[in-house]
Amino acid sequence: MNILCIGGGPAGLYFALLMKQQNPAHRITVVERNRPFDTFGWGVVLSDQTLDNLRAADAPTAALIGDAFNHWDDIEVFFKGRSVRSTGHGFCGIGRKRLLNILQDRCLELGVELVFETDVADDQALAAQYHADLVIASDGLNSRIRTRYASVYQPDIDLRQCRFVWLGTKKKFDAFTFAFEQTEHGWFQAHAYQFDADTSTFIVETPEAVWKAHGLDRMEQPEAIAFCEKLFAKYLDGNALISNATHLRGSANWIRFPRVICNTWVHREAIGGKQVPIVLMGDAAHTAHFSIGSGTKLALEDAIDLANEFATGLPIDEVLQHYEARRSVEVLKIQNAARNSTEWFENVARYTGMPIEQFTYSLLTRSQRISHENLRLRDAAWLEGYEAWLAAARPAAGPPQGGAAPSGGSATGEAVKRGGSSLAIPPMLTPFTLKDLTLKNRIVVSPMATYSAVEGVPQDFHLVHLGARAGWRRAGDGGDDQPHAREPHHARLPRPVERCAASRLRAHRELCARQQHGPDRPAAGPQRPQGLHPRGLGGHGRATADGQLAPAGREPPRLRRTEPDACRHDPRRHGPRDRRLCGQRPPRRGLRL
């Protein structure tokens with residue numbers, strides 16, 4: 001098979017060497033517009049998991065990349081004159097130029113043809129020249145091929161709100177570093193990490209409004225770099241910031257991140273008398289914000305996935321169909337996390353009222369890919385200290401404003417004794433204060449759409465439905481919370497809820513009985529009350545101001561879709577078990593809505 005890769009970035013090079021390794025009979029050509037040692041990035045970041053994927057796909061290449069990596073486990077956050085460090089995160093940094101050179105050398109070793117300094121203006125003409133059976137469009141973020149066939153690929157490009165610039169420095173950071181600095185116009189943040197023996201990437205980011213307020217949109221590169229050096233001087237230890245895009249004029253090196261997603265990844269074009277697939281890969285197909293460091297990861301894993309699919313021996317149409325279906329889902333997962341992370345940094349001012357402990361926790365969990373318990377696996381000591389610090393907050397005073405997490409506790413406190421050990425109260429059970437309102441815990445349960453509170457007050461349906469699903473109860477005198485999955489619903493309710501449930505259900509049954517047999521209602525069948533709306537009682541009627549039922553009316557009509565309140569609150573909508581709890585017998589026929 002003749003394969004043409006247009007674009008010599010990580011995606012195109014890695015796919016070329018994997019396919020050549022898979023079948024040396026393939027004729028594979030990679031065409032790149034730059035020279036072999038030209039690159040306009042600094043370092044790239046890969047996780048330990050991505051390195052494992054590379055080892056499984058091509059161990060020799062993975063070994064070369066691994067030897068060139070600078071590895072670190074820590075993340076350090078600088079905020080308002082203090083710093084917090086967390087470990088166990090597992091990242092690797094490598095210079096983009098070094099990564100490309102490793103992939104280029106491996107391609108040449110395996111027999112892939114590399115063509116440099118060739119700007120491809122017409123992909124069809126080039127495909128015809130090389131008699132291509134497959135074209136890989138790996139021509140990057142500003143893909144000409146994606147633009148040419150936009151009606152097929154249907155790209156969606158979203159320019160985000162912050163401006164950022166890629167810089168470098170000789171300051172060596174021993175952790176992935178986030179530094180936040182406030183100016184008179186707003187906040188700037190730096191993302192810094194070491195990627196080789198003596199160089200670090202230093203990305204400066206700020207909302208566009210702040211960027212313009214400082215006049216950075218009107219500054220030339222040297223002046224803007226001097227501004228950043230002064231702003232982040234305390235972290236640079238006298239080292240300069242360096243640009244490798246000096247060919248750009250003015251503020252052109254400050255860009256807004258473009259989030260790219262394509263509806264379709266494969267286009268077929270008649271070239272040389274045959275249908276040739278033109279397949280998007282890497283940044284041409286998708287992007288992910290640099291704050292989660294997954295752009296290169298996605299490009300390499302695109303290449304691995306498509307090469308693995310070809311190894312199955314299926315027809316090329318099925319291979320491409322499977323590739324697009326699988327990778328589009330995986331990319332959406334990463335892009336979802338990247339969007340969350342992007343929005344956190346775009347709105348960082350929202351979190352700057354927090355003390356650094358809470359600010360750091362928010363930053364570490366911003367993408368929602370790292371959960372509370374995942375943090376425990378990464379750095380149990382840090383998380384336990386954070387839990388103790390959070391539990392020490394007094395509802396009347398709000399969270400503490402700094403200092404080490406205390407040990408010991410009080411009634412509002414931060415620790416309880418269980419089984420001879422001291423554990424911090426779980427964060428979800430600590431009080432939450434918003435202005436003058438203090439809640440006993442941070443648990444919020446969303447009810448189903450079949451019922452609603454009345455003027456903010458939960459009703460019987462809430463109690464029966466949500467209470468029946470309480471999966472824990474206080475068991476024994478020891479006070480340990482124990483799961484009781486096989487016990488009936490009422491046995492699993494916490495004791496205070498059991499008492500409340502019993503009293504509420506008794507009142508509910510009495511009300512149902514009064515509605516059906518009380519002095520204000522004729523005995524001849526169910527009738528609809530008049531006057532007040534029937535919402536909130538879990539039954540047909542509602543009490544008047546003096547506690548009596550409103551006068552009865554005619555028999556209620558059949559429920560219709562145009563009566564949402566009736567559909568939601570009429571007990572005929574309840575399940576059989578709920579009707580038994582209310583003392584009602586299920587109707588013989590089901591209700592049709």
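Before reading on, note that the structure itself is shown above.
Conventions used here
Residues numbered from 1 in each chain as written. Predicted model: local features only at pLDDT ≥ 70, side-chain atom pairs only at ≥ 80, totals over all residues. Heavy atoms only, no water. Axes fitted to C-alpha atoms, helices over the stretch in contact; angles between N-to-C directions. Helix = DSSP H or I, 4+ residues; strand = E, 2+ residues; numbered from the N terminus. Parallel < 35°, antiparallel > 145°, perpendicular 65-115°, else oblique. Left-handed = near helix turned anticlockwise from the far one by under 90°. Contact = heavy atoms within 4.5 Å. Nonpolar A, V, L, I, M, F, W, Y, C, P; charged D, E, K, R; others polar. Core = buried A, V, L, I, M, F, W, Y, C linked by side-chain atoms within 4.5 Å. Buried < 20%, exposed > 50% of the residue type's maximum accessible area, 1.4 Å probe, protein only. Salt bridge = Lys/Arg side-chain N within 4 Å of Asp/Glu carboxyl O. Polar contact = N/O pair within 3.5 Å; in protein donor to acceptor, adjacent residues only side chain to side chain.

**As for the packing of helix α11 (residues 295–310) against helix α12 (residues 316–346)**
Interaxial distance between α11 and α12 falls to 9 Å at its minimum, and their mutual angle equals 155°. In terms of orientation, α11 and α12 fall into the roughly antiparallel class. Seen from above, α11 lies across α12 with right-handed handedness. Counting all contacts with α11, which are made through Lys297, Leu298, Glu301, Asp302, Asp305, Leu306, Glu309 and Phe310, the residues of α12 involved are Ile316, Val319, Leu320, His322, Tyr323, Arg326, Arg327, Val331 and Ile334. Partitioning the contact of α11 with α12 into residue classes produces nine nonpolar, one polar and seven charged.

**Some points on the nonpolar core**
Ranked by size, the top nonpolar core spans 72 residues in total, and within it Leu4, Tyr14, Phe15, Leu54, Ile136 and Leu306 carry the most contacts. In this structure, Phe176, Leu363, Leu364 and Trp389 belong to the second largest nonpolar core, which totals 28 residues.

**Considerations on the pattern of salt bridges**
Tallied over the full model, the rule gives 30 salt bridges. The partner of Glu357 in a salt bridge is Arg82, with the nearest N and O atoms 3.1 Å apart. Of the two residues, Glu357 sits in helix α13 (residues 356–364) while Arg82 sits in strand β6 (residues 82–86), which places them 275 residues apart along the sequence. Of the residues examined, Arg82 reaches a relative accessible area of 31% and is grouped as partly exposed. Among the charged side chains, a network of salt bridges with common partners joins Asp74, Glu76, Arg85 and Asp174.

**Side note on the side chain of Glu309**
By secondary structure assignment, the location of Glu309 is in helix α11. In terms of polar contacts, Glu309 uses its side chain to reach the side chain of Arg326, at 2.4 Å. For Glu309, the residues in contact, after removing those within four places along its chain, are Leu314, Val319, His322 and Arg326.

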